Amino acid sequence: MSEQIKNIYYPVEAEVIRVIAETSTIKTWRFKLSEQMTFRAGQFVQLTIPGIGEAPFTPSSEPGTCDELDITILRAGRVTDNLHDNIKEGDLVGIRGPFGEGYPFDKFKGHNVLVVGGGVGLAPMRAGIYGLFQRIDDFKRVSIKFGARSPGDFCFTDEFDEWAKRPHTDVTLTIDRDSPGWTGRVGVVTVLLEDLDLDIADTYVISCGPDIMLKFVTLKLLEKGFDPYHIYLSMNRRMSCGLGKCHRCNIGPYYICKDGPDMCYGEIMNYPNVFG
Ligand SMILES: Cc1cc2nc3c(=O)[nH]c(=O)nc-3n(C[C@H](O)[C@H](O)[C@H](O)COP(=O)(O)OP(=O)(O)OC[C@H]3O[C@@H](n4cnc5c(N)ncnc54)[C@H](O)[C@@H]3O)c2cc1C
Ligand code: FES
(Lines give C-alpha, C1' and ligand atoms only; values in the text may rest on other atoms or scores of the structure.)
(Ligands and ions follow the chains in the order given, each with its own letter.)
Protein backbone atom coordinates (compact mmCIF):
# COMPACT_ATOMS: atom_id res chain seq x y z
CA MET A 1 0.00 0.00 0.00
CA SER A 2 1.43 3.44 -0.84
CA GLU A 3 2.31 5.71 2.07
CA GLN A 4 -0.45 8.18 2.80
CA ILE A 5 0.62 11.77 2.06
CA LYS A 6 -0.55 14.39 4.59
CA ASN A 7 -2.85 16.93 2.96
CA ILE A 8 -1.80 20.33 4.30
CA TYR A 9 -5.21 21.80 3.54
CA TYR A 10 -6.91 19.19 5.71
CA PRO A 11 -7.25 20.10 9.40
CA VAL A 12 -6.76 17.61 12.23
CA GLU A 13 -9.61 17.28 14.69
CA ALA A 14 -9.08 19.16 17.94
CA GLU A 15 -11.30 18.74 21.00
CA VAL A 16 -11.59 21.57 23.50
CA ILE A 17 -10.50 20.20 26.89
CA ARG A 18 -10.27 23.49 28.80
CA VAL A 19 -11.23 27.13 28.43
CA ILE A 20 -9.43 29.73 30.57
CA ALA A 21 -10.66 33.34 30.80
CA GLU A 22 -7.50 35.49 30.68
CA THR A 23 -9.09 38.98 30.50
CA SER A 24 -12.55 40.31 29.64
CA THR A 25 -11.80 39.91 25.91
CA ILE A 26 -9.14 37.16 25.78
CA LYS A 27 -9.49 33.44 26.50
CA THR A 28 -7.15 30.46 26.16
CA TRP A 29 -8.51 27.27 24.63
CA ARG A 30 -6.66 24.02 25.34
CA PHE A 31 -7.13 21.47 22.54
CA LYS A 32 -6.54 17.73 22.48
CA LEU A 33 -5.33 16.96 18.95
CA SER A 34 -6.34 13.77 17.14
CA GLU A 35 -2.75 13.64 15.75
CA GLN A 36 0.51 14.86 17.27
CA MET A 37 1.82 18.17 15.99
CA THR A 38 5.38 19.52 16.10
CA PHE A 39 5.78 23.29 15.98
CA ARG A 40 8.62 25.76 16.50
CA ALA A 41 8.32 28.97 18.53
CA GLY A 42 6.64 31.60 16.38
CA GLN A 43 5.00 29.22 13.91
CA PHE A 44 1.24 29.55 13.56
CA VAL A 45 -1.76 27.35 12.80
CA GLN A 46 -5.07 27.87 11.01
CA LEU A 47 -8.06 27.15 13.24
CA THR A 48 -11.40 26.25 11.64
CA ILE A 49 -14.80 26.38 13.26
CA PRO A 50 -16.93 24.14 11.04
CA GLY A 51 -19.52 26.18 9.16
CA ILE A 52 -18.12 29.50 10.40
CA GLY A 53 -14.61 30.01 9.06
CA GLU A 54 -10.87 29.80 9.55
CA ALA A 55 -8.35 32.20 11.11
CA PRO A 56 -4.60 32.18 11.88
CA PHE A 57 -3.31 31.98 15.46
CA THR A 58 0.07 31.34 17.04
CA PRO A 59 -0.08 28.68 19.76
CA SER A 60 0.65 30.07 23.23
CA SER A 61 1.87 26.77 24.70
CA GLU A 62 5.40 25.38 24.80
CA PRO A 63 6.84 24.61 21.35
CA GLY A 64 7.86 21.06 20.44
CA THR A 65 5.94 17.87 19.74
CA CYS A 66 2.56 17.83 21.43
CA ASP A 67 -0.89 16.32 21.40
CA GLU A 68 -2.30 19.21 23.41
CA LEU A 69 -2.10 22.79 22.23
CA ASP A 70 -3.08 26.12 23.85
CA ILE A 71 -4.26 29.04 21.73
CA THR A 72 -5.00 32.39 23.36
CA ILE A 73 -7.46 34.49 21.41
CA LEU A 74 -8.78 38.04 21.46
CA ARG A 75 -12.40 38.59 20.48
CA ALA A 76 -12.05 40.47 17.16
CA GLY A 77 -14.75 39.46 14.63
CA ARG A 78 -16.62 36.62 12.99
CA VAL A 79 -14.45 33.58 13.86
CA THR A 80 -13.13 34.82 17.19
CA ASP A 81 -16.56 36.03 18.42
CA ASN A 82 -17.95 32.61 17.58
CA LEU A 83 -15.16 30.95 19.56
CA HIS A 84 -15.78 33.19 22.57
CA ASP A 85 -19.55 32.83 22.45
CA ASN A 86 -19.99 29.19 21.50
CA ILE A 87 -16.92 26.97 21.69
CA LYS A 88 -16.71 25.18 25.02
CA GLU A 89 -15.27 22.02 26.56
CA GLY A 90 -16.09 18.93 24.51
CA ASP A 91 -16.58 20.85 21.23
CA LEU A 92 -14.58 19.98 18.11
CA VAL A 93 -12.71 22.38 15.82
CA GLY A 94 -10.11 21.83 13.09
CA ILE A 95 -6.44 22.83 13.26
CA ARG A 96 -4.02 22.69 10.34
CA GLY A 97 -0.38 23.60 10.28
CA PRO A 98 2.06 24.56 11.56
CA PHE A 99 2.96 27.27 9.06
CA GLY A 100 5.77 29.77 8.74
CA GLU A 101 9.38 29.74 9.79
CA GLY A 102 9.06 30.97 13.38
CA TYR A 103 11.81 32.76 15.26
CA PRO A 104 15.44 32.35 14.08
CA PHE A 105 16.73 31.60 17.59
CA ASP A 106 19.98 30.12 16.25
CA LYS A 107 20.87 33.59 14.98
CA PHE A 108 20.39 35.02 18.50
CA LYS A 109 22.82 32.53 20.09
CA GLY A 110 25.47 34.28 22.21
CA HIS A 111 23.53 37.57 22.30
CA ASN A 112 20.87 39.28 24.43
CA VAL A 113 17.22 38.87 23.45
CA LEU A 114 14.77 41.68 24.13
CA VAL A 115 11.11 40.58 24.03
CA VAL A 116 8.58 43.40 23.56
CA GLY A 117 4.87 42.60 23.63
CA GLY A 118 1.63 44.51 23.88
CA GLY A 119 -2.04 43.58 24.28
CA VAL A 120 -2.92 40.18 22.83
CA GLY A 121 0.64 40.08 21.42
CA LEU A 122 1.58 38.47 24.74
CA ALA A 123 -0.25 35.34 23.61
CA PRO A 124 1.98 34.42 20.65
CA MET A 125 5.02 35.66 22.58
CA ARG A 126 4.44 33.10 25.33
CA ALA A 127 5.44 30.25 22.99
CA GLY A 128 8.46 32.35 22.01
CA ILE A 129 9.39 32.85 25.66
CA TYR A 130 9.05 29.13 26.40
CA GLY A 131 11.19 28.49 23.31
CA LEU A 132 13.89 30.82 24.68
CA PHE A 133 13.70 29.14 28.11
CA GLN A 134 14.22 25.72 26.47
CA ARG A 135 17.73 26.90 25.51
CA ILE A 136 18.27 29.76 27.95
CA ASP A 137 22.02 29.18 28.25
CA ASP A 138 22.39 30.05 24.57
CA PHE A 139 21.57 33.68 25.38
CA LYS A 140 23.40 36.26 27.47
CA ARG A 141 20.17 37.76 28.78
CA VAL A 142 16.44 37.54 28.07
CA SER A 143 14.72 40.81 28.90
CA ILE A 144 10.91 40.75 28.69
CA LYS A 145 8.98 44.03 28.40
CA PHE A 146 5.18 43.83 28.30
CA GLY A 147 2.54 46.54 28.09
CA ALA A 148 -1.24 46.50 28.47
CA ARG A 149 -3.99 49.09 28.82
CA SER A 150 -4.68 48.25 32.48
CA PRO A 151 -3.59 45.61 35.02
CA GLY A 152 -6.65 43.53 34.08
CA ASP A 153 -5.60 43.43 30.43
CA PHE A 154 -2.45 41.32 30.94
CA CYS A 155 -2.63 37.59 30.12
CA PHE A 156 -0.61 35.01 32.08
CA THR A 157 -0.02 37.30 35.10
CA ASP A 158 0.39 34.29 37.38
CA GLU A 159 3.48 33.24 35.35
CA PHE A 160 5.47 36.49 35.36
CA ASP A 161 7.16 35.91 38.75
CA GLU A 162 8.26 32.44 37.70
CA TRP A 163 9.64 33.77 34.39
CA ALA A 164 11.64 36.45 36.24
CA LYS A 165 13.29 33.73 38.36
CA ARG A 166 14.72 31.96 35.29
CA PRO A 167 18.48 32.38 34.80
CA HIS A 168 19.50 35.80 33.41
CA THR A 169 15.89 36.74 32.70
CA ASP A 170 14.02 39.88 33.74
CA VAL A 171 10.38 40.93 33.31
CA THR A 172 9.14 44.54 33.33
CA LEU A 173 5.51 45.59 32.92
CA THR A 174 3.79 48.85 32.10
CA ILE A 175 0.18 49.96 31.85
CA ASP A 176 -1.09 52.83 29.71
CA ARG A 177 -2.63 54.84 32.59
CA ASP A 178 -2.01 54.61 36.33
CA SER A 179 -4.34 52.42 38.32
CA PRO A 180 -4.85 52.06 42.11
CA GLY A 181 -2.46 49.48 43.58
CA TRP A 182 -0.27 49.29 40.47
CA THR A 183 3.44 49.20 41.32
CA GLY A 184 4.92 48.74 37.81
CA ARG A 185 5.68 51.38 35.21
CA VAL A 186 3.09 53.65 33.59
CA GLY A 187 2.94 54.60 29.91
CA VAL A 188 2.77 52.76 26.59
CA VAL A 189 5.28 49.95 26.11
CA THR A 190 7.88 52.21 24.45
CA VAL A 191 8.54 53.81 27.88
CA LEU A 192 10.27 50.54 28.80
CA LEU A 193 12.72 51.06 25.93
CA GLU A 194 13.83 54.50 27.14
CA ASP A 195 16.19 53.26 29.85
CA LEU A 196 17.40 49.92 28.52
CA ASP A 197 20.39 48.47 30.38
CA LEU A 198 21.42 46.21 27.49
CA ASP A 199 24.30 46.51 25.06
CA ILE A 200 22.23 47.53 22.03
CA ALA A 201 24.74 46.30 19.45
CA ASP A 202 24.65 42.87 21.12
CA THR A 203 20.86 42.55 21.32
CA TYR A 204 18.19 41.00 19.07
CA VAL A 205 14.55 42.01 19.50
CA ILE A 206 11.35 40.06 18.99
CA SER A 207 8.12 42.01 19.16
CA CYS A 208 4.43 41.22 18.79
CA GLY A 209 1.36 43.39 19.24
CA PRO A 210 -1.03 45.61 17.32
CA ASP A 211 0.38 47.20 14.12
CA ILE A 212 0.46 50.63 15.73
CA MET A 213 2.49 49.28 18.65
CA LEU A 214 4.93 47.51 16.30
CA LYS A 215 5.42 50.76 14.43
CA PHE A 216 6.23 52.85 17.50
CA VAL A 217 8.36 50.11 19.07
CA THR A 218 10.38 49.91 15.84
CA LEU A 219 10.81 53.69 15.63
CA LYS A 220 11.95 53.80 19.26
CA LEU A 221 14.40 50.92 18.74
CA LEU A 222 15.88 52.63 15.66
CA GLU A 223 16.15 55.91 17.60
CA LYS A 224 18.04 54.00 20.30
CA GLY A 225 20.49 52.74 17.68
CA PHE A 226 19.29 49.17 17.08
CA ASP A 227 20.35 47.53 13.84
CA PRO A 228 17.18 47.04 11.69
CA TYR A 229 18.48 43.52 10.99
CA HIS A 230 18.31 42.76 14.74
CA ILE A 231 14.57 43.56 14.94
CA TYR A 232 12.04 40.76 14.33
CA LEU A 233 8.37 41.74 14.12
CA SER A 234 5.43 39.32 14.23
CA MET A 235 3.45 40.59 11.28
CA ASN A 236 -0.32 40.44 11.44
CA ARG A 237 -1.92 40.01 8.02
CA ARG A 238 -5.14 38.52 6.76
CA MET A 239 -4.32 35.03 5.54
CA SER A 240 -5.94 32.30 3.55
CA CYS A 241 -3.74 29.42 2.38
CA GLY A 242 -0.89 29.84 4.91
CA LEU A 243 1.47 28.41 2.30
CA GLY A 244 2.60 31.21 0.00
CA LYS A 245 0.07 30.22 -2.70
CA CYS A 246 -2.78 32.75 -2.55
CA HIS A 247 -0.70 36.00 -2.53
CA ARG A 248 -2.82 37.42 0.26
CA CYS A 249 -0.18 38.24 2.83
CA ASN A 250 2.87 39.56 1.02
CA ILE A 251 5.19 42.44 1.86
CA GLY A 252 7.29 43.03 -1.26
CA PRO A 253 8.62 39.60 -2.32
CA TYR A 254 8.03 38.04 1.12
CA TYR A 255 5.01 36.04 2.19
CA ILE A 256 4.26 36.52 5.88
CA CYS A 257 2.71 33.06 6.07
CA LYS A 258 5.71 31.28 4.56
CA ASP A 259 8.73 33.49 5.37
CA GLY A 260 7.41 34.80 8.72
CA PRO A 261 5.26 35.53 10.50
CA ASP A 262 8.24 36.93 12.42
CA MET A 263 9.93 39.14 9.84
CA CYS A 264 13.34 40.78 10.04
CA TYR A 265 12.61 44.52 9.85
CA GLY A 266 15.84 45.19 7.93
CA GLU A 267 14.61 42.96 5.12
CA ILE A 268 11.16 44.54 4.76
CA MET A 269 11.69 48.16 5.80
CA ASN A 270 11.82 49.57 2.27
CA TYR A 271 8.51 48.05 1.14
CA PRO A 272 5.18 49.87 1.51
CA ASN A 273 2.53 48.97 4.10
CA VAL A 274 4.91 47.27 6.56
CA PHE A 275 2.72 48.41 9.45
CA GLY A 276 -0.65 47.62 7.83
C1 LIG B 1 0.33 34.72 12.05
C2 LIG B 1 -0.81 35.26 12.88
C3 LIG B 1 -0.90 34.87 14.22
C4 LIG B 1 -1.96 35.36 14.99
N5 LIG B 1 -2.03 34.94 16.30
C6 LIG B 1 -3.04 35.37 17.06
C7 LIG B 1 -3.17 34.92 18.42
O8 LIG B 1 -2.36 34.14 18.92
N9 LIG B 1 -4.22 35.39 19.14
C10 LIG B 1 -5.14 36.26 18.60
O11 LIG B 1 -6.09 36.63 19.31
N12 LIG B 1 -5.05 36.71 17.34
C13 LIG B 1 -4.03 36.28 16.55
N14 LIG B 1 -3.95 36.70 15.25
C15 LIG B 1 -4.99 37.62 14.71
C16 LIG B 1 -6.20 36.78 14.31
O17 LIG B 1 -5.87 35.95 13.22
C18 LIG B 1 -7.37 37.71 13.88
O19 LIG B 1 -7.83 38.41 15.02
C20 LIG B 1 -8.50 36.88 13.34
O21 LIG B 1 -8.14 36.38 12.06
C22 LIG B 1 -9.76 37.70 13.22
O23 LIG B 1 -10.72 36.85 12.60
P24 LIG B 1 -12.26 37.08 12.84
O25 LIG B 1 -13.01 36.24 11.84
O26 LIG B 1 -12.62 36.90 14.28
O27 LIG B 1 -12.45 38.61 12.52
P28 LIG B 1 -12.98 39.25 11.14
O29 LIG B 1 -14.46 39.25 11.19
O30 LIG B 1 -12.29 38.65 9.97
O31 LIG B 1 -12.39 40.70 11.28
C32 LIG B 1 -12.56 41.55 12.38
C33 LIG B 1 -11.74 42.80 12.16
O34 LIG B 1 -10.35 42.50 12.27
C35 LIG B 1 -9.71 42.75 11.02
N36 LIG B 1 -8.80 41.62 10.83
C37 LIG B 1 -9.09 40.32 10.70
N38 LIG B 1 -7.97 39.58 10.60
C39 LIG B 1 -6.95 40.44 10.68
C40 LIG B 1 -5.57 40.31 10.64
N41 LIG B 1 -4.95 39.13 10.51
N42 LIG B 1 -4.83 41.43 10.72
C43 LIG B 1 -5.39 42.62 10.87
N44 LIG B 1 -6.71 42.81 10.92
C45 LIG B 1 -7.47 41.75 10.83
C46 LIG B 1 -10.79 42.82 9.99
O47 LIG B 1 -10.41 43.61 8.88
C48 LIG B 1 -11.93 43.40 10.78
O49 LIG B 1 -11.79 44.79 10.90
C50 LIG B 1 -2.91 36.25 14.44
C51 LIG B 1 -2.80 36.65 13.11
C52 LIG B 1 -1.76 36.17 12.34
C53 LIG B 1 -1.66 36.59 10.92
S1 FES C 1 -1.81 33.30 3.20
FE2 FES C 1 -1.72 32.67 1.13
S3 FES C 1 0.13 33.49 0.43
FE4 FES C 1 0.16 33.88 2.58
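Conventions used here
- Residues numbered from 1 in each chain as written.
- Chains lettered and ligands numbered in written order.
- Predicted model: local features only at pLDDT ≥ 70, side-chain atom pairs only at ≥ 80, totals over all residues.
- Heavy atoms only, no water.
- Domains from an automatic or database assignment.
- Contact = heavy atoms within 4.5 Å.
- Buried area = accessible area lost by both parts, 1.4 Å probe.
- Helix = DSSP H or I, 4+ residues; strand = E, 2+ residues; numbered from the N terminus.
- Polar contact = N/O pair within 3.5 Å; in protein donor to acceptor, adjacent residues only side chain to side chain.
- Pairing = 2+ DSSP bridges.
- Axes fitted to C-alpha atoms, helices over the stretch in contact; angles between N-to-C directions.
- Disulfide = S-S within 2.5 Å.
- Expected span 1.5 Å × (residues − 1).
- Buried < 20%, exposed > 50% of the residue type's maximum accessible area, 1.4 Å probe, protein only.

It is worth spelling out the domain arrangement of the protein chain at this point. Considered domain by domain, the protein chain is made up of domain 1 (12–99) and domain 2 (105–234). Relative to domain 2, the C-alpha centre of domain 1 lies at a distance of 24 Å. The interface of domain 1 with domain 2 comprises 15 residues on the first partner and 15 residues on the second. Together, the buried faces of domain 1 and domain 2 total about 1100 Å²; carbon and sulfur atoms form 62% of this surface.

As for its position among the elements, Asp170 is in strand S9 (residues 169–175). Polar side-chain contacts of Asp170 include one of 2.7 Å to the side chain of Ser143.

The 7 strands are arranged S10-S9-S8-S7-S11-S12-S15 in an open sheet whose pairing can be described as mixed. Only two strands of the sheet have a single neighbouring strand rather than two, namely strand S10 (185–186) and strand S15 (262–264). Pairing geometry for strand S7 (residues 112–118) and strand S11 (residues 203–208), over 6 bridges, is parallel. Residue pairing for S11: Val116 is matched across the bridge by Ser207. Lying over the sheet, helix H3 (residues 122–134) contacts S7, strand S8 (142–148), S9 and S11, oriented at roughly 160 degrees with respect to S7. Along the sheet, helix H5 (residues 211–224) contacts S7, S11 and strand S12 (231–234); its crossing angle with S11, the most-contacted strand, is approximately 165 degrees.

With that settled, the discussion passes to the state of the cysteines. All told, the structure shown has 0 disulfides when counted by the stated rule. The closest cysteine sulfur to the non-disulfide-bonded Cys208 is located on Cys155, 11 Å from its own sulfur.

Turning next to the sheet that holds strand S1 (residues 12–21). Spatially, S4-S3-S6-S1-S2-S5 is the arrangement adopted by the 6 strands of the open sheet, whose pairing is antiparallel. Strand pairing shows two members of the sheet lacking a second neighbour, strand S4 (53–57) and strand S5 (64–74), which therefore form its edges. Geometrically, the sheet is characterised by an average inter-axis angle of 35 degrees between neighbouring strands, direction not taken into account. Pairing analysis gives 4 bridges linking S1 to strand S6 (residues 92–99), with the strands arranged antiparallel. Bridge pairing in S6 links Glu15 to Leu92. Seen against the sheet, helix H1 (residues 78–86) touches strand S2 (26–39), strand S3 (44–49), S4 and S5 and runs at an angle of roughly 100 degrees to S5.

Take H3 next. When the terminal C-alpha atoms of H3 are compared, their 18 Å separation across 13 residues agrees well with the 18 Å that a helix rising 1.5 Å per residue should span. Counting buried positions along H3 yields 12 of 13 residues, so the element is predominantly enclosed. Of the residues making up H3, those classed as buried are Leu122, Ala123, Pro124, Met125, Arg126, Ala127, Gly128, Ile129, Tyr130, Gly131, Leu132 and Phe133.

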